[in-house]
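Coordinate analysis (summary)
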Amino acid sequence: MKRRILFCILKYLAKIIIWRYRPVIIGITGSIGKTTTKDAVAYVLSDKYRIGATRKNFNNEIGLPLTVLGEKTTPGKTFVGWWGVFFRALLHIFYSQKYPEVLVLEMGIDRPGDMKYLLSIVRPTIGIVTGASSTHLEFFKTIEAIAWEKGLLIRSLSKNGTALLNTDNMYSWSMRKDTACRTILYGFSKKATIRAFNKALLFEGDQKGVTFKLEYKEKVIPIRLKNVIGIHHIGAILPAIAIGELLEMNLLEIAKKLESFIPPPGRFRLIKGKNNSFLIDDTYNASPASTRAGIISLGDFKKEEKILVLGDMLELGEEEKNLHSSLCEDILKIKPHKIILVGKRMKILFESLQCFDKEKDIFHWVETPYEVSALIVPFLHENSLIFIKGSQAMRMELVVEELMENPQDAKKLLCRQNKEWKEIPFLKP
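Residues numbered from 1 in each chain as written. Predicted model: local features only at pLDDT ≥ 70, side-chain atom pairs only at ≥ 80, totals over all residues. Heavy atoms only, no water.

**What about the overall build of the protein chain?**
Each helix and strand counted, the protein chain has 18 helices and 15 strands in total. A compact globule built from 429 residues should have a C-alpha radius of gyration of about 22 Å, and the protein chain, at 22 Å, falls within 12% of that. Seen through its principal axes, the protein chain has C-alpha atoms that stretch 65 × 55 × 40 Å. Counting only residues that meet the buried cut, the protein chain has 55% of its 429 residues in that class. Within the protein chain, contacts between residues separated by at least 24 positions form 67% of all contacts whose residues are at least 6 apart in sequence. As displayed, the protein chain has an accessible area near 20,000 Å², and 54% of this comes from carbon and sulfur atoms. Of note, the protein chain has its 64 positive side-chain charges centred 6 Å away from the centre of its 47 negative side-chain charges. (Helix = DSSP H or I, 4+ residues; strand = E, 2+ residues; numbered from the N terminus. Rg over C-alpha atoms; globule rule 2.2 N^0.38 Å. Buried < 20%, exposed > 50% of the residue type's maximum accessible area, 1.4 Å probe, protein only. Contact = heavy atoms within 4.5 Å. Areas by Shrake-Rupley, 256 points an atom, 1.4 Å probe, with all protein chains shown as cover. Lys, Arg positive; Asp, Glu negative; His and termini not counted. Charge placed at Lys NZ, Arg CZ, Asp CG, Glu CD.)

Pasting the structure below:
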């Protein structure tokens, strides 16, 4: 009952504040790339507009209204903390503040009904769907059900709104039929309104990053992302470019701004490792689609000796076994030097790989992230590239911290570094 009352108060305070200040609201949903897309959009717009954007994992029924209220942290279970939230919200309502002109909101869904509830709080002017995949199958049963839930965002847009849909995902691509508003299609496909092509990875000495050419409105512009090493991140950059242009920014101005964009922690970020090696930290979370995207992007590194460290992917329901073993072909295609699989679900993939490849000494399976470092450190050298990923509960950021050249930098470089989280011991999910 108390939780329901809290939801109700947050909801109506957020609705009143939106009515009071009338910001442009950009809603972002999808099974992969929501946070990187949100950060890219906010980053592009930040020079021209006052921006409010989802922080951390504030994308649910509590986090989204807290973002609208301008809160940077959650009070947790403290009574005084929540009264502080309500008091600051009332100040926003009754006394004019420098409120954001644009709100960039992640709209995450875990269960049926989540999107409907979020849309009862905010009604975006611009909606982005990055795609639908097998995340949260435990609760939705089918990808079609996930896509339908996410598609509610697009169906909620008014005729004066704008929908941005990823053409490279069949589910988001099909949503173009569900709205009468302006639609911008983005991706690598020639069907896209705003398209990336001639993509390439630079990874030589000081020359690191991703380059591509942008085709939009009969213009072709070269783009360089100096701090991005995952080609799959281009899919998060394209809607940011389109929205910047939509909100009256110059394309060349946007391209210049994006040169210094850095993906959020735990999303395919490059970190210096022990013995002059390099780590690719992709530990924020994992689904079959995001793990596959990371593995494929790892294949763009041609000269490096690749090591994969993969933790369990969770919330996959009855498809758990099939979806873990389905990564087998993608892994073998990139010819890794060593593979360490972590958790009871990854044992399924471990057994599948042993059936496919005769070089069984490159495969290792362990139960916990604490056992990984000892298997890797003796083999690391300047040509080693270690890709680390797993679902949040697998705590794979612990592996990154142990392999970092400077573990004292963990707090500013890695995800989930708050004191409360770090004090929670790893429990096998």
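**As for the pattern of salt bridges**
Taken as a whole and judged by the stated rule, the model has 17 salt bridges. Of the charged contacts in the structure, one is a salt bridge between Glu71 and Arg88, with a shortest N-O distance of 2.9 Å. Placement of Glu71 in the loop between α3 (63–68) and α4 (79–94) and of Arg88 in helix α4 is noted, with a sequence separation of 17 residues between them. With its nearest N and O atoms 3.0 Å apart, the salt bridge here joins Glu401 to Lys422. Taken as a pair, Glu401 in helix α16 (residues 397–403) and Lys422 in helix α18 (residues 419–422) lie far apart in primary sequence, 21 residues in all. Overall, Lys422 belongs to the partly exposed group, its relative accessible area being 37%. (Salt bridge = Lys/Arg side-chain N within 4 Å of Asp/Glu carboxyl O.)

**So, a nonpolar patch on the surface**
Together, Phe87, Leu90, Leu91, Phe94 and Tyr95 make up a nonpolar patch on the protein surface, roughly 550 Å² of accessible area in all. Along the chain, Leu91 turns up in helix α4. (Patch = residues over 30% accessible without salt bridge, like charges linked within 9 Å, V, L, I, M, F, W, Y side chains within 5 Å.)

**Re the sheet that holds strand β1 (residues 24–29)**
Ordered by their spatial adjacency, 9 strands build an open sheet running β2-β3-β1-β4-β5-β6-β7-β8-β9, and the pairing between neighbours is mixed. Each having just a single partner strand, β2 (51–53) and β9 (219–225) make up the two edges of the open sheet. For this sheet the average axis-to-axis angle between neighbouring strands, irrespective of direction, equals 15 degrees. The sheet contact formed by strand β8 (residues 207–216) and β9 spans 7 bridges and is antiparallel. (Pairing = 2+ DSSP bridges. Axes fitted to C-alpha atoms, helices over the stretch in contact; angles between N-to-C directions.)

**Things to note about α4**
Helix length check: α4 (16 residues) gives 23 Å between terminal C-alpha atoms against 22 Å at 1.5 Å per residue, within 8%. Among all positions of α4, only Trp82, Gly84, Val85, Phe86, Ala89, His92 and Ile93 are buried. (Expected span 1.5 Å × (residues − 1).)

**Some words on the packing of helix α1 (residues 2–21) against α4**
Taken N-terminus to C-terminus, the directions of α1 and α4 make an angle of 20 degrees; their axes are 9 Å apart at the nearest point. Taken together, the axis directions place α1 and α4 in an arrangement best described as roughly parallel. Crossing angle aside, the handedness with which α1 passes α4 is left-handed. Residues Leu6, Ile9, Leu10, Leu13, Ile16, Ile17, Arg20 and Tyr21 of α1 form the contact with α4, whose own contacting residues are Trp82, Val85, Phe86, Ala89, Leu90, His92, Ile93 and Phe94. Residue composition of the contact of α1 with α4, by class: 14 nonpolar, 1 polar and 1 charged. (Parallel < 35°, antiparallel > 145°, perpendicular 65-115°, else oblique. Left-handed = near helix turned anticlockwise from the far one by under 90°. Nonpolar A, V, L, I, M, F, W, Y, C, P; charged D, E, K, R; others polar.)

**Remarks on the pairing of strand β12 (residues 305–311)**
Counting buried residues in β12 gives 6 out of 7 residues, a clear majority hidden from the surface. Across 6 bridges, the pairing between β12 and strand β15 (residues 384–389) is parallel. For Glu305, the partnering residue across the bridge sits in β15 and is Ser384. Bridging between β12 and strand β13 (residues 338–342) involves 5 bridges; their strand directions are parallel.

**Quick look at the packing of aromatic side chains**
Under the definition given, this model contains 9 aromatic pairs. Consider the rings of Tyr21 and Tyr99, whose centres lie 4.8 Å apart with planes at 20 degrees: the pair is stacked. In this pair, Tyr21 is assigned in helix α1 and Tyr99 in the loop between α4 and β3 (102–106), connecting sequence segments 78 residues apart. Looking at Tyr99, the relative accessible area reads 3%, which means it is buried. Each residue in the set Trp82, Trp83 and Phe86 is aromatic and connected to the rest through ring pairs, giving one cluster. It is Arg155 that lies over the ring of Trp148; its NZ or CZ is 4.7 Å from the centre. Geometry around Trp173 places Arg176 over its ring, the cationic atom sitting 3.6 Å from the centre. (Phe/Tyr/Trp six-rings, centres within 6.5 Å; stacked < 30°, edge-to-face > 60°. Lys NZ or Arg CZ within 6 Å of the ring centre and 35° of its normal.)

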